Amino acid sequence: MVVRYKFSSNDFYILHIEIIYFMHGSGKGETWMPDVRLSRRSAMSAMPGGQARRRFWRAAALALLAAAGGGAAQAPAAKVPMVKSQAPGFYRMMLGDYEITALNDGVVDFPPAKLLTNTTAGEVAAMLRKRFEPDAVPTSVNAFLINTGDRLVLVDTGAGKVLGPRLGGLAESLRAAGYRPDQVDAVLITHMHPDHIGGLVKDGQPAFPNATVYADKTDAALWLDPAEAAKAPEDQGKLGKYRFRAVKESMDAYSRRGRLQYFDGTGEVLPGIRAIASRGHSPGHAFFEVESKGERLLFWGDIMHFGQVQLELPEVAMYSDIDPAKATASRLAALKDAADGRYLVAAAHLPFPGLGHIRKAERGYAWVPVTYEIPPR
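Basis of the calculations
Residues numbered from 1 in each chain as written. Predicted model: local features only at pLDDT ≥ 70, side-chain atom pairs only at ≥ 80, totals over all residues. Heavy atoms only, no water. Pairing = 2+ DSSP bridges. Helix = DSSP H or I, 4+ residues; strand = E, 2+ residues; numbered from the N terminus. Axes fitted to C-alpha atoms, helices over the stretch in contact; angles between N-to-C directions. 1 Å grid on protein atoms, 1.4 Å probe; cavity = no way out; pocket = protein on both sides within 12 Å on 5 of 7 lines; lining within 4 Å. Points joined across faces, edges and corners; volume = space filled by probe spheres on them. Nonpolar A, V, L, I, M, F, W, Y, C, P; charged D, E, K, R; others polar.

Peer 1: Just give me the short version of the sheet that holds strand β5 (residues 90–95), but keep the residues and values in it.
Peer 2: One key point about sheets: their strands pair by backbone hydrogen bonds, in either a parallel or an antiparallel sense. Strand order in this open sheet of seven strands is β5-β6-β8-β9-β10-β13-β14, and the pairing throughout is mixed. Each edge of the sheet is formed by a strand with only one pairing partner; in this case those strands are β5 and β14 (260–263). For this sheet the average axis-to-axis angle between neighbouring strands, irrespective of direction, equals 25°. Across four bridges, strand β13 (residues 212–216) lies against β14 in parallel orientation. For D216, the partnering residue across the bridge sits in β14 and is F263.

Structure, rendered in structure tokens:
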């Protein structure tokens, strides 16, 4: 420890003490510099001269140090433990008069080279490397909440407990955003895959007890067909039996209460909210469109899974596409329309919050995410 001191001022003497702690074995120090203010009269009356003066001020410095450190020089406090948790999983923005809240259900690592088709492992690896991504890409599962002022509408529900412990955080994100599950009036399902319908139920009961679920009847014709479920293999493929089980459990919980309604392709589902058929990934896959005060937002569902590859190469398909050719056609049309129309899109699997614009690039398209902002109160 080194103590340095000095005093100055015309009307007051300022005792300036610089205390430097040297940590054991390091040559580095941390400095604490308090000041003590003494009036000229009190300082002069107590001040000896020469060597005695230096001893006086050094004793004053050590007395101050003892008072601050409990009587002995203390090293800085121990290191603060790491928190190791992320911020709450929601992002909020305004779309005209509508409040839009992105809700994160979790992030899970998926290997694009094993899941994408109409490409090669080498091509995928090169695309990932260019974007500083690992072989297993952290992939967001996003849902979205629309508050129109008259009703609270949820678009998709995340995976619930269907796909493991890293997903299923939607209810927590919803509460962190200031809402409760029982406040949701309607749930719109883009398609009946587990990571979009799994969060509909909790312990076999509706997770949104006051909500009516809206889904495309063409999707229901496949995923709720007992004959299709009976012949489905017990695997993780695009028609694996676990998918049929998840859909049946989720939809039954609402149909038993008269809270399941079907729409058919393109058309208005709720006032101000329109479904747009976008077939391929699932037979009844649908977009949802909202517009307020001339501002437009299109909820994409699973038109794209890995933007790191499929934006630049939109012809690359996903293994879980029921009809890859239709899914690719839907994606190409959606990308062009979003780039030409310059409206916002909400994507279920692009990095959270999954809200942004599409622009034409030299090769394919590029994603322009929203800029973080705090809506005015």
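Once the structure has been displayed, the description carries forward.
Peer 1: Go over the layout of surface pockets with me, naming the residues and quoting the values.
Peer 2: Within this model, the largest pocket holds a volume of roughly 450 Å³. What lines the largest pocket is a set of 24 residues, among which G160, G199, V201, K202 and A207 lie closest to the centre. Elements with a minimum of two residues in the lining of the largest pocket: α5 (170–176), β11 (201–202) and α9 (241–255). In terms of residue count, the dominant contributor to the lining of the largest pocket is α5 (four residues). Split by residue class, the lining of the largest pocket holds nine nonpolar, eight polar and seven charged.

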